[in-house]
Amino acid sequence: MMLREDLRDFVVGALALALMALVWLAGFLYAPVDANQGEVYRIIFLHVPSAFAAFASAFALLWFSVVGLRKRREQSLLWSRAICEVGLILTVLTLATGSIWGKPTWGTWWTWDARLTTTFMLALLFAGWLMLYSSMAPGPGRVRACAVLGILIAADVPVIYQSVNWWRTLHQPQSILRDGGSTMDPAILRTLLVGIVIQLVAGGVLAWIRGRNLALREEVERASFEQMRA
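Reading the values: the criteria
- Residues numbered from 1 in each chain as written.
- Predicted model: local features only at pLDDT ≥ 70, side-chain atom pairs only at ≥ 80, totals over all residues.
- Heavy atoms only, no water.
- Salt bridge = Lys/Arg side-chain N within 4 Å of Asp/Glu carboxyl O.
- Helix = DSSP H or I, 4+ residues; strand = E, 2+ residues; numbered from the N terminus.
- Buried < 20%, exposed > 50% of the residue type's maximum accessible area, 1.4 Å probe, protein only.
- Contact = heavy atoms within 4.5 Å.

Draft legend 1. Fine view of the pattern of salt bridges. Per the stated rule, a full pass over the model turns up 2 salt bridges. For Glu-85, the salt bridge goes to Arg-81, with nearest N and O atoms at 3.1 Å. Taken together, the positions of Glu-85 and Arg-81, both in helix α3 (residues 75–106) and 4 residues apart, correspond to about one turn of that helix. Of the two residues, Glu-85 and Arg-81, both sit in the buried class. Of the charged contacts in the structure, one is a salt bridge between Arg-210 and Glu-85, with a shortest N-O distance of 2.6 Å. One end of the pair, Arg-210, is in helix α6 (residues 186–229); the other, Glu-85, is in helix α3, and 125 residues separate them in sequence.

Structure (structure tokens):
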């Protein structure tokens, strides 16, 4: 029998996924063809929202890292771990969709472009956080080490965002948040902004569900250990 909390999470998650599917469908049926890139540009309706959600994950990790440093709470690591796992998935999805777009546009799946390289570093940092968490014993030392790394992960996001301004890159310049307003067609911009909001919500839902599952597993393991000692 499904508990009320589980049913709620299932409904919210299913709704978020359904809304994401509708946005992707709108990207094909509502948004017009790009005058310069043609049909291939439509992957941005998955690529850009995934990138924004990955960046949001890094900033959420920053919040829990600061809490971990100030209060030394092991509980903050559970939510940090959930956020890191979701952030890693979103960052890999960003890199994968970017490569799919880059092949017909640049003629190559990958190049060590500044934005691609710094985004790849974000994926490595997320993965490194998870490895650090798994390799250390529970305690204040693990909380402190993971919190410091979490802060460094968030510091990579502004570098990614400004990379197209600081260095020469193949990646196109900023199209949404730029001086003078967006250069996008209004229909494309509306669809993309809705997709970003929905992807942010979906990422938050995934992190919330994963965090609750990790907390529940920890409670079960603690209860089992105490029962064995008794």
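Draft legend 2. View of the environment of Val-159. Among the structural elements, Val-159 can be located in helix α5 (residues 140–166). A residue is classified by how much of its surface remains accessible, and Val-159, at 24% relative accessible area, is partly exposed. For the pair Val-159 and Thr-119, spaced 40 residues apart in the sequence, the C-alpha separation amounts to 9.2 Å. Excluding residues within four positions of it along the chain, Val-159 makes contact with Thr-118, Trp-166 and Trp-167.

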